[in-house]
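Below, each chain spelled out in residue letters.
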Amino acid sequence: MRIAGIGLAAALGMLPPAAFAADPPSSLSRTAARQCQAEGPGFYYVPGTDTCLRIGGYLWTESYYNSYTDYPRQNDRTYWVSTFGLQVDARTATDYGPLRSHMEARMIWRSADPWSDGPAGADFQPWDMHIDFAGFTFGYLQSFFDFYANADVLGTDPATIGDETQIGLVGYTWKLGNGFAAQVSLEDSSARDAGLLPASPASADPEEAYGATARLPEIVATFGQSGDWGSFLLSGALHQIGAASTQAGLGRTTDDWGYAVQGGVMFNLPVIAKGDTLYLQAAYADGAVSYLGLIDASGDFSAPDAFVRADGGLSKVRGWSAVTQYLHNWNDRWNSAFFGGMGRFDIDDPVARAAYGASGVTNVNVGANLTWTPVAPLAVTLQYDYNLYRADDYRPTGNGLPVASQEAHEVLLMVAATF
């Protein structure tokens, strides 16, 4: 007991005077307290500093039922997921403006992989780790290109059309007044790579014919506004397509540029009910299909960025997507989100069409959820989502879809608590 007491006293002796409640607050601590009040609820200053800190988190427990046409017998139609998220937000006033450091990490346990099989296991997933300072953003966070990003679609494994990509980036934001802002960023190209495939799989192994080559980062620019009425965002991205042939004797590298553009708007609708919102978003891509956010639940026929022709040139894959969502608050304890989307990609090269058995693919999804909040911060959600992935001009080749279309159904029961 005496040794423990000495150790505790020594530890306390190492703390700065500001750590003791009995000490009178300094002007620095009073300034920090006022600053933390300005940052919002949940922020407290770190003793002895002028840094405001907020620690929070959430726990999701989820039960899934999902299946799709031609579902493999070994796959799990039902599985369970538990997700614990920890959030830390630190903000410090400086002569150059506020310095913000944000971290969100997830520990996920699941009994199976989404839409698949697999043994039970746990995984650590960094979700957001970035620094904001003097207009600059550095780190790993959601792409500047994204807007809708599956807002109010719940769960760890959503099967909905819509771009939501966590990515490494460095960017800059210009605040232009009246809620307007412009952004530019350089983002990790590997996270946006949909790959290249030979136009004729018979002439090369599609899994091994082309390997990754060094690419420039994604170049992303946006312009938008946020206000009481809602918000809008116009996004554009340049994506370098490239791959080096790994076939003996060829040794060629081919590259080109693809691009994507997107426009999204969100309306606040208090005239219907407090907190109601409506999202509308559309995107177009040429050689940058990952920006469309299409969902191929089975993974049998995802679109590449381009097909490589026999002469070494590229035939880029074009596509588009459009999504919408309406969130309605029935009362203080019940709300619902209604969401849907449609998209497609087209294969222009006739050789690739013949080899893969389709001229393109149409993707459609619709869904809704109902959330009950018996007492904050506890919420219970039941959600259903339907996804259709259909090949146009289909014929079986063994290289594309095993059937002309695949229908996927997903039911989610989720219990969530935040703190």
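The structure displayed is predicted, hence computed values, not measured ones.

Reading the values: rules and limits
Residues numbered from 1 in each chain as written. Predicted model: local features only at pLDDT ≥ 70, side-chain atom pairs only at ≥ 80, totals over all residues. Heavy atoms only, no water. Helix = DSSP H or I, 4+ residues; strand = E, 2+ residues; numbered from the N terminus. Contact = heavy atoms within 4.5 Å. Phe/Tyr/Trp six-rings, centres within 6.5 Å; stacked < 30°, edge-to-face > 60°. Buried < 20%, exposed > 50% of the residue type's maximum accessible area, 1.4 Å probe, protein only. Pairing = 2+ DSSP bridges. Axes fitted to C-alpha atoms, helices over the stretch in contact; angles between N-to-C directions. Polar contact = N/O pair within 3.5 Å; in protein donor to acceptor, adjacent residues only side chain to side chain.

Chemist: What is the right way to read the environment of L327 from this model?
Modeler: Of note, L327 is situated in strand β17 (residues 318–329). The spatial distance from the C-alpha of L327 to the C-alpha of A368 is 9.6 Å, given a sequence separation of 41 residues. The residues touching L327, leaving out its near neighbours within four places in the chain, are D152, G275, D276, T277, N335, S336 and A337.

Chemist: Any chance you could explain the packing of aromatic side chains here in plain terms?
Modeler: For any two aromatic rings, the description comes down to two numbers: the centre-to-centre distance and the angle of the planes. As enumerated under the stated definition, the model contains 16 aromatic pairs in all. Judged by centre distance (4.9 Å) and plane angle (15°), the ring pair of Y64 and Y79 falls under stacked. Of this pair, Y64 sits in strand β2 (residues 51–68) while Y79 is found in strand β3 (residues 78–94), placing the two residues 15 residues apart along the sequence. Note on accessibility: Y64 and Y79 belong to one class, buried. A centroid spacing of 4.8 Å and a plane angle of 70° characterise the contact between Y172 and W174, whose relative ring orientation is edge-to-face.

Chemist: Help me out: how do you make sense of the sheet that holds strand β16 (residues 314–316) in this one?
Modeler: Consider a sheet: its strands pair through backbone hydrogen bonds, and that pairing is either parallel or antiparallel. What the three strands build is an open sheet, ordered β9-β15-β16; its pairing is mixed. A single partner strand is all that each edge strand has here, and the edge strands are β9 (196–198) and β16. For this sheet, the mean angle separating the axes of adjacent strands, direction not counted, is 30°. Sheet analysis places strand β15 (residues 306–308) next to β16, joined by three bridges and oriented antiparallel. Bridge pairing links A306 to K316 in β16.

Chemist: Would you explain the side chain of D346 in this entry?
Modeler: Residue position: D346 is located in strand β18 (residues 334–346). Accessibility expressed as a relative area gives 17% for D346, which makes it buried. Here the side chain of D346 touches R344 through a polar contact of 2.5 Å, side chain to side chain. In this structure, D346 is in contact with V317, R318, S359 and G360, ignoring residues within four places of it in sequence.

Chemist: Can you help me understand the pairing of strand β21 (residues 405–418) in this one?
Modeler: For a regular strand, the rule is simple: side chains alternate between the two faces of the sheet. Two strands pair when backbone bridges link them, and β2 and β21 are joined in this way by eleven bridges, in the antiparallel orientation. Bridging across to β21, S67 finds its partner in H409. Relative to β21, strand β20 (residues 378–392) runs antiparallel, the two sharing 13 bridges. Considered in β21, the bridge of N387 is made with A408.

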